[in-house]
Amino acid sequence: MLDINGLSCVLGNEGELTFEFDLRVERGEIVSIIGPSGSGKSTLLNLVGGFLVPDHGTILVDNIQIQTLPPGDRPVSTVFQEHNLFPHLSVADNVALGIHPGLKLDKYQHEQVNDALARVHLHGFNERKPGALSSGQRQRVSIARALVRERPVLLLDEPLSGLGPALRHELLTLLRELVEREFMAALLVSHHPEDTRVASTRTAFLTGGRIHAIADTHVLLEDLEDPLIREYLGRE
Amino acid sequence: MSPSGGIGVVLACVVVILALAPLVALTGYGGTFPDTGIFADPYLARVLRFSLLQASLSTLLSVLPAILVARALARRPNLPARRLVLGLLGVPLVVPSIVVVLGVVSVFGADGWLPLGRRLYGLTGILIAHVFFNLPLAARLLLPSLEQIPSAQRRLAHQLGFNSWQYWRHIEWPALRGALPGTALLIFMLCLTSFAVVLTLGGGPRSTTLEVAIYQSLRFDFNPPRAVSLALMQLGLCAMLAMLSVRLTRHREVEGDSGGARHFDRTLGSNTGWARLADGTAIGTALALVAGVLTAIVVDGANTTMISVLNRPEVLDSLFTSLFIALIAAAMATLCGWLILTSSTRFAAGGREWLGNTLEGIATIVYVVPPLVIGTGYFLMLHRLVDLDRLTVPVVIAVNALMGLPFVIRSLAAPMRQRAAEYGRLCTSLKICGWQRFVLVDFPLLRRPLGLAAALAAALSFGDLGVVALFASNEQSTLPLLLYRYLSAYRVNEAAVVGLLLLGSCLMLFVLVERVLGGPRHAGH
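Residues numbered from 1 in each chain as written. Chains lettered and ligands numbered in written order. Predicted model: local features only at pLDDT ≥ 70, side-chain atom pairs only at ≥ 80, totals over all residues. Heavy atoms only, no water.

This part covers a nonpolar patch on the surface. A contiguous nonpolar surface patch, about 350 Å² in accessible area, is contributed by F324, L327, I328 and M332 of chain B. Inspection of the secondary structure assignment puts F324 of chain B in helix 15 (residues 313-349). (Patch = residues over 30% accessible without salt bridge, like charges linked within 9 Å, V, L, I, M, F, W, Y side chains within 5 Å. Areas by Shrake-Rupley, 256 points an atom, 1.4 Å probe, with all protein chains shown as cover. Salt bridge = Lys/Arg side-chain N within 4 Å of Asp/Glu carboxyl O. Helix = DSSP H or I, 4+ residues; strand = E, 2+ residues; numbered from the N terminus.)

Further remarks concern the confidence of the model for chain B. Detailed reading of the predicted coordinates is not advisable wherever pLDDT falls low. Residue and element names in this part refer to chain B. Put simply, chain B has an average pLDDT of 83, and 90% of its residues get 70 or more. Note that pLDDT drops below 50 for residues 251-267; the model gives that stretch 31 contacts with residues more than four away or on any other chain. Predicted complex, confidence summary: ipTM 0.77, pTM 0.81. (pLDDT = per-residue confidence, 0-100. Contact = heavy atoms within 4.5 Å.)

Residues and elements named next belong to chain A. Within the fold, I59 resides in strand 4 (residues 56-61). Exposure remark for I59: the relative accessible area of 0% places this residue in the buried category. With 24 residues separating them along the chain, I59 and G35 place their C-alpha atoms 22 Å apart. Excluding its chain neighbours within four sequence positions, the residues that come into contact with I59 are L2, D3, I4, L7, L47, V48, I64, Q65, I66, Q67 and R74. (Buried < 20%, exposed > 50% of the residue type's maximum accessible area, 1.4 Å probe, protein only.)

Any aromatic ring pair is given by two values, namely how distant the centres are and how the planes are angled relative to each other. Residues and elements named next belong to chain B. Overall, the coordinates contain eleven aromatic pairs over all chains when judged by the stated rule. Measuring from centroid to centroid gives 5.4 Å for W338 and F438, while their planes differ by 90 degrees, and the two rings are edge-to-face. With W338 in helix 15 and F438 in helix 19 (residues 434-462), the pair connects residues that are 100 residues apart, well separated along the chain. Its relative accessible area of 10% is what places W338 among the buried residues. For F438, a relative accessible area of 25% gives the class partly exposed. With a centroid separation of 5.6 Å and 40 degrees between ring planes, the pair formed by F438 and F443 is classed as tilted. (Phe/Tyr/Trp six-rings, centres within 6.5 Å; stacked < 30°, edge-to-face > 60°.)

What follows covers the side chain of R82 of chain B. Residue and element names in this part refer to chain B. As for its placement among the helices and strands, R82 is situated in helix 3 (residues 82-90). In this structure the side chain of R82 is engaged in a polar contact, spanning 3.4 Å, whose partner is the backbone oxygen of R76. Reaching out from R82, the side chain makes a polar contact with the side chain of E147 at a distance of 2.8 Å. Sequence-distant contacts of R82, defined by excluding residues within four places in its chain, comprise L73, A74, R76, P77, L143 and E147. (Polar contact = N/O pair within 3.5 Å; in protein donor to acceptor, adjacent residues only side chain to side chain.)

On to the pairing of strand 1 (residues 2-11) of chain A, then. Look at any regular strand and the pattern is simple: side chains alternate between the two faces of the sheet. All names here are of chain A. Here strand 1 runs beside strand 2 (residues 17-25); their pairing, made up of eight bridges, is antiparallel. What sits directly across from L2, in strand 2, is V25. The sheet contact formed by strand 1 and strand 4 spans five bridges and is antiparallel. When the bridges of strand 4 are listed, L2 appears paired with V61. (Pairing = 2+ DSSP bridges.)

Let us now look at the interface of chain B and chain A. Counting residues at the interface gives 17 residues for chain B, matched by 23 residues for chain A. For the pairing of chain B and chain A, the buried interface totals around 1900 Å² over both sides, and the portion due to carbon and sulfur atoms is 66%. Contact with chain A buries surface across chain B, with R425, L430 and L440 of chain B losing the most and accounting together for 33% of the total. For the pair chain B and chain A, the interface holds one salt bridge. K431 of chain B serves as the salt-bridge partner of D73 of chain A, at 2.5 Å between the closest nitrogen and oxygen. Taken together, the connections running from chain B to chain A amount to six residue pairs in polar contact (both at pLDDT 80 or more). Contributions of two or more residues to the side of chain B that touches chain A are made by helix 18 (388-430) and helix 19 of chain B. Broken down by element, the side of chain B that touches chain A gets its largest block of residues, eight residues, from helix 18 of chain B. (Buried area = accessible area lost by both parts, 1.4 Å probe.)

This part covers the environment of G40 of chain A. Residue and element names in this part refer to chain A. Within the secondary structure layout, G40 lies in the loop between strand 3 (29-34) and helix 1 (41-49). The sequence separation of G40 and E111 amounts to 71 residues, and the corresponding C-alpha distance is 39 Å. Among all residues touching G40, those that are not within four sequence positions of it are F19, F21 and L206.

Let's shift gears to the pairing of strand 10 (residues 210-216) of chain A. Residues and elements named next belong to chain A. Judged from the six bridges that link them, strand 9 (residues 202-207) and strand 10 form a sheet pairing that is antiparallel. Looking at strand 10, one finds that T203 is bridged to A215. The loop that links strand 9 with its antiparallel partner strand 10 comprises two residues; one of these, G208, has a positive phi angle of about 60 degrees.

Residue and element names in this part refer to chain A. Despite not being glycine, D62 shows a phi value in the positive range, around 50 degrees. Of note, D62 is situated in the loop between strand 4 and strand 5 (64-65). For N63, which is not a glycine, the phi torsion comes out positive at approximately 65 degrees. Within the fold, N63 resides in the loop between strand 4 and strand 5. Judged by relative accessible area, N63 falls into the exposed class, the value being 66%.

Our focus in this paragraph is helix 5 (residues 123-147) of chain B. All names here are of chain B. Between its first and last C-alpha, helix 5 extends 35 Å over 25 residues, near the 36 Å set by a 1.5 Å rise per residue. The largest bend in helix 5 is about 30 degrees, located at V131. Counting buried residues in helix 5 gives 20 out of 25 residues, a clear majority hidden from the surface. (Expected span 1.5 Å × (residues − 1). Bend = angle between axes of the 7 residues up to and from the residue.)

Residue and element names in this part refer to chain A. Throughout the structure, instances matching the rule amount to 21 salt bridges over all chains. Where E29 meets R202, a salt bridge forms, and the shortest distance between an N and an O atom there is 2.7 Å. You can see E29 sitting in strand 3 and its partner R202 sitting in strand 9, a full 173 residues away along the chain. For E29, a relative accessible area of 12% translates into the label buried. Residue class for R202 comes out partly exposed when judged on its relative accessible area of 22%. We note a salt bridge from E182 to R119, for which the minimum N-O separation is 2.2 Å. A residue pair is termed long-range when its members are at least 10 positions apart, and E182 in helix 5 (residues 165-182) and R119 in helix 3 (residues 107-119) qualify at 63 residues. For R119, a relative accessible area of 22% corresponds to the partly exposed category.

This is the structure:
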């Protein structure tokens, strides 16, 4: 459903970094992206999100090209690593921004906000400010906003960094449930191979600006034949 | 190019034209140009020498003690009333320079607490006034780099058993070194172009700076070509310094001390009696200078003529004229600075960092054109079209707005870029833009620095004695000009009252603008 074909771009002042990606993500699926830093994980998400302009290639969502659209018009929601929430706005307003960027909501839309908060187990947190929430709760608010946006593609850019193992597990399970139920296609960038076991059936390993391997998560993480994967995972 | 990116570029161009057109007008005005004669003139050589001498000495006498003050403040995070101390050190930045002259004379003059006699008029007095302004400024500019020392480094120093000197050498000095040249250059430039202080405390042929020489050549022997030559010389000097300072300072994200670090005891190896004494002396001396001068102004101002002076129509008229000028000039400078920075931030975020930097640089560079020259240029261009009396206020507003712009840009650039880095992508992905983005995101997140920038611009404009001294007719006056007139006429008691009024209203204006625009303290977050 999300089809990335020959998507390439060149970064760096002297064109020293070349990236090229081919990837297909189905609805209801989270594909995890792992790989050493500089391998292109963020670049891939920035290209899909529209924060980088590709030199060649296409991005298709339900067979419609989106690579020329501005970020706000793409059928894409992103949960960033940090600064997802505006600290001066309430939880409800932060979610409501996903429906209307001017915060003009009708009654039904207010219900949508409440409903989304309930789905991330934050019922009744509407009037709190982000500063009064834990970091795990804050990320759940950003997930709620992604839900109300009702866009089919979800990009998760290291949304769990800074959280402990139990919280990571809880959030990943929640994400997996939501993606399956909402029938979204999601990409999850992570530095923790353990996350991918919880979140995704399939995992892609990036290195040198390319997708080096993509396979079932447990197969890829146990693939000790491949020297690059072995080196990344630190297995001998 | 996006439309709002265009607005900033257009505005920056307008600013440059507004600042440079007067130079062209002056150049073309009568006489021969350039007045190359003055370059061989021994008078000019003396003016130039004195300008550089007083600026160098002022810088040295401000920055070296400021290092000690900043270090003492950084080492003692638990100092009693630390906020108050920092606040007091911030006051000179918004005190009108003509008022400071009044206070310096009152403390160090013949009848003062520490009489220096006739020596006060000339280099000594100028240096004291400049140190009053710039020592606290330097201390506040240097403090953040010391406070940014990561707490891990401090703990490490503890573990390694550094003494006070080793701590300075291995940790504090490397942290400070980067901020030092930029700070010193800024202060050098401020002193080089200082006007009101040199006009009132120096001014004789022995102690005249370029800026005052420009004033004299326009006011007394109306000789625009000569003024232009002097202005060009100052412009050249400042441009050189500005380029140097761009090379020496980089955009650095200033973060406050993190919560954990603040609780960690920083008084490292410095709890000996001597260290306490040294730190106490550094902070105490700086405070005594600031508080002494301010107290003298208050004590002198509260004299028996107060009621009658405050009831004079000319005093009230001047007060309102000053307020009017300050509010409009500050609004223009803030709006213009905001729009330019919105564009430059957008360029920087879009990968064209150089374009953003250039835009900000251009808007800041206005600073090197002497305001007197800009003002005079406008008068020469416009006096045939408009009545001179009606021209004074608009020209003063325009010049003050131009002069306020660099301060607005300097204080807003770093916060705006940081906010853009944090929330820029989120806003684009949620399609929050234009007016909605301003109301919902940018204004709430940036209103504190915005309020501070506007308040600074307002206070600077309110206390400025410059263009208005050249052109105001006898019926027209701003508060600083009225004070200067009373001082020149040796009406000491009346001058003291006006000085106190000027000080009080300037501080009140600053606080009001900052609170109204910047919002209540401790709000939200």
